[in-house]
Amino acid sequence: MASDDAAISTNDDASQCKRYAVEKGYWTDPYISLLTGRPTNIHTPEINRGYYARVKGIRLLLEQFLRTTKCECQVINLGAGFDTTFWLLKDQGLAPKCFVDIDFPTVTSKKCHFIKSRKSLLQKVINKGIDIKIDKYDLHGSNYHLVGANLRNLNELDSKLSICGVDRNLPTIFLAECVLIYMEVKHSSALLQWITDNFMSAFFINYEQVHMNDKFGQIMIDNLKARQCSLPGVMACINVKSQTERFLNTGWQYADIIEMNHVYECLPQADVQRIENLEFLDERELLDQLLAHYCIGYAYKDPNSIGFHKINFSP
Ligand SMILES: C[S@@+](CC[C@H](N)C(=O)[O-])C[C@H]1O[C@@H](n2cnc3c(N)ncnc32)[C@H](O)[C@@H]1O
């Protein structure tokens, strides 16, 4: 399907933008250059700062979840692309009991290949004495799993997660970083509902567009269309209300949507000052517009009062 190919190709963009920002010094990630080539074009400071806020904002919530659960938990990274979070957490001593990266098989087969062939990626997914299982699309390590599945096909997702040994009674955090917008709302809603139906204690972090019905949002849609990439899930990204309701209508107990300008203000300010000195920003207004059109939404169901209500962006 052509639109799936377009969604798949957005992974190249995301991973190259991350590599570019890492090489400029925005944050540290020794693994991204093992998964993606050097970007050929120059990226503006606005794009780099946007990626910085995205990566740091998601990490801020994820680390709170890992500390709240003392890593007795699972991380399921939906539409993971070439994301390196598992390796970074492992280096920090924050690896969960089980970490699953999921994407279309076209993407996971490439990631499998890179993991197999790069020693510093491979050695983090194996435990001494325990063999890992790798086929063309899937990889099963000691506490890391990479599986190819279409997130619109919930039967496939269900059986793949069972093969990974995912325990539906263990606290589980789901990450979706720029993913749900590539699915029609009926499919992303079914996915969100499936999670609350199947997992006892769950937390969800969603990074994606918001305010897509204004002029700037329309320009973003047109730019992507020009690159043959449509956004079938844009109706959930119209405003903060539509972003909140997608969770509250699918069994989540609580949901909050934080626009990226606010996330930016909540990040550790000493580090923000450091990155603001990396490159001269000509137009602050453009950065503000860009940040205003993305958000981090988070939602949870916490029937056993593990303390998910304490996870937030309070500085
Ligand atoms: C913009 S990329 C983001 C990758 C990664 N989350 C990141 O932020 O670096 C979107 C990813 O979602 C994946 N994706 C979109 N729709 C999907 C679906 N129905 N099933 C599986 N993966 C999907 C794409 O293949 C792509 O890797």
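Treat the numbers as computed from the prediction; the structure is a model and nothing was measured. (Residues numbered from 1 in each chain as written. Predicted model: local features only at pLDDT ≥ 70, side-chain atom pairs only at ≥ 80, totals over all residues. Heavy atoms only, no water.)

Mapped onto the elements, H293 comes out in the loop between α13 (284–292) and β9 (294–301). Judged by relative accessible area, H293 falls into the buried class, the value being 3%. At 2.8 Å, the side chain of H293 forms a polar contact with the side chain of D214. Excluding residues within four positions of it along the chain, H293 makes contact with E208, Q209, V210, H211, D214, F216, G217 and M220. (Helix = DSSP H or I, 4+ residues; strand = E, 2+ residues; numbered from the N terminus. Buried < 20%, exposed > 50% of the residue type's maximum accessible area, 1.4 Å probe, protein only. Polar contact = N/O pair within 3.5 Å; in protein donor to acceptor, adjacent residues only side chain to side chain. Contact = heavy atoms within 4.5 Å.)

Once that is clear, we can look at the site of the ligand. Around the ligand, 20 residues are found, and the nearest of them are K18, R54, G79, D103 and L151. Within the contact set of the ligand, an oxygen atom lies 2.9 Å away from a side-chain nitrogen or oxygen of K18. The contact in question runs from an oxygen atom of the ligand to an N or O atom on the side chain of D103, over 2.5 Å. Here the ligand, which alone exposes 590 Å², has 98% of that area covered by the protein. In terms of residue count, the dominant contributor to the shell around the ligand is helix α1 (residues 2–24) (six residues). A class-by-class count of the residues in the shell around the ligand yields ten nonpolar, five polar and five charged. (Near = heavy atom within 4 Å. Areas by Shrake-Rupley, 256 points an atom, 1.4 Å probe, with all protein chains shown as cover. Nonpolar A, V, L, I, M, F, W, Y, C, P; charged D, E, K, R; others polar.)

It is worth spelling out the packing of helix α3 (residues 45–68) against α13 at this point. The contact between α3 and α13 brings their axes to 10 Å, and the two run at 40°. The orientation of α3 relative to α13 falls into the category oblique. As α3 runs across α13, the sense of the crossing is right-handed. Contacts between α3 and α13 involve E46, I47, R49, G50 and A53 from the first element and R284, L286, L287, L290 and L291 from the second. (Axes fitted to C-alpha atoms, helices over the stretch in contact; angles between N-to-C directions. Parallel < 35°, antiparallel > 145°, perpendicular 65-115°, else oblique. Left-handed = near helix turned anticlockwise from the far one by under 90°.)

The subject of this paragraph is the side chain of E177. For E177, the location among the structural elements is in strand β6 (residues 172–177). A distance of 2.9 Å separates the side chain of E177 from the side chain of K18, its partner in a polar contact. Among the polar contacts made by the side chain of E177, one reaches the side chain of R54 at a distance of 2.6 Å.

Moving on, we come to the pattern of salt bridges. Per the stated rule, a full pass over the model turns up 21 salt bridges. For R67, the salt bridge is made with E63, and the minimal N-O distance between the two is 3.6 Å. One end of the pair, R67, and the other, E63, are both in helix α3, four residues apart, so they sit about a helical turn from each other. A relative accessible area of 53% places R67 in the exposed class. (Salt bridge = Lys/Arg side-chain N within 4 Å of Asp/Glu carboxyl O.)

Turning our attention to helix α9 (residues 215–226). The terminal C-alpha atoms of α9 lie 17 Å apart, and with twelve residues this matches the ideal 16 Å at 1.5 Å per residue to within 8%. Where α9 is concerned, the buried positions are F216, G217, M220, I221 and L224. In an axial view of α9, the angular spread of the buried residues amounts to 145°, which keeps them on one side of the axis. Within α9, the exposed residues directed more than 90 degrees away from the buried face are K215, K225 and A226. (Expected span 1.5 Å × (residues − 1). Arc of directions from axis to C-beta.)

Before going further, it helps to examine the nonpolar core. Core analysis: the largest hydrophobic core is formed by 78 residues, its most contacted members being Y144, F203, I205 and I296. For this core, the leading source of residues is α3, giving nine residues. Membership of the second largest hydrophobic core comes to 32 residues, among which are L161, F174, L191 and A299. (Core = buried A, V, L, I, M, F, W, Y, C linked by side-chain atoms within 4.5 Å.)

This part takes up the UniProt feature "binding site: S-adenosyl-L-methionine" (unreviewed entry) in the protein. In this numbering, the UniProt entry assigns the feature "binding site: S-adenosyl-L-methionine" (unreviewed entry) to R54, G79, N150, L151 and E177. Maximum C-alpha separation among the annotated residues is 24.1 Å over a sequence range of 124 residues, too wide for a single clustered spot. Accessibility expressed as a relative area gives 5% for R54, which makes it buried. Ignoring anything within four residues of it in the chain, the contact list for R54 reads A14, K18, E177, C178, Y207, M260 and I296. By the secondary structure assignment, G79 is in the loop between β1 (74–78) and α4 (85–92). (UniProt positions renumbered as here; feature names shortened; annotations may be inferred.)

Here we take up helix α10 (residues 240–248). Because each turn of an α-helix spans 3.6 residues, side chains separated by three or four positions in sequence point in the same direction. Those residues of α10 that sit buried are S242, Q243, T244, R246 and F247. The N-cap of α10, judged by a side-chain oxygen 3.2 Å from the amide nitrogen of K241 a few residues on, is N239.

Position of H140 among the secondary structure elements: in strand β4 (residues 139–140). With 24 residues separating them in the primary sequence, H140 and C164 have C-alpha atoms 7.0 Å apart. Separated by 2.8 Å, the side chains of H140 and H145 make a polar contact.

In this section: the pairing of strand β2 (residues 98–103). Within β2, six of the six residues are buried, leaving the element largely enclosed by the surrounding structure. Bridge count between β1 and β2: five bridges; the pairing is parallel. Note that in β2 the partner of I76 across the bridge is V100. With respect to chirality, the unit in which β1 leads through α4 into the neighbouring parallel β2 is right-handed. Judged from the five bridges that link them, β2 and strand β5 (residues 144–148) form a sheet pairing that is parallel. Bridging from a neighbouring strand, D101 pairs with L146 of β5. (Pairing = 2+ DSSP bridges. Right-handed = clockwise from strand over helix to strand, strands pointing away.)

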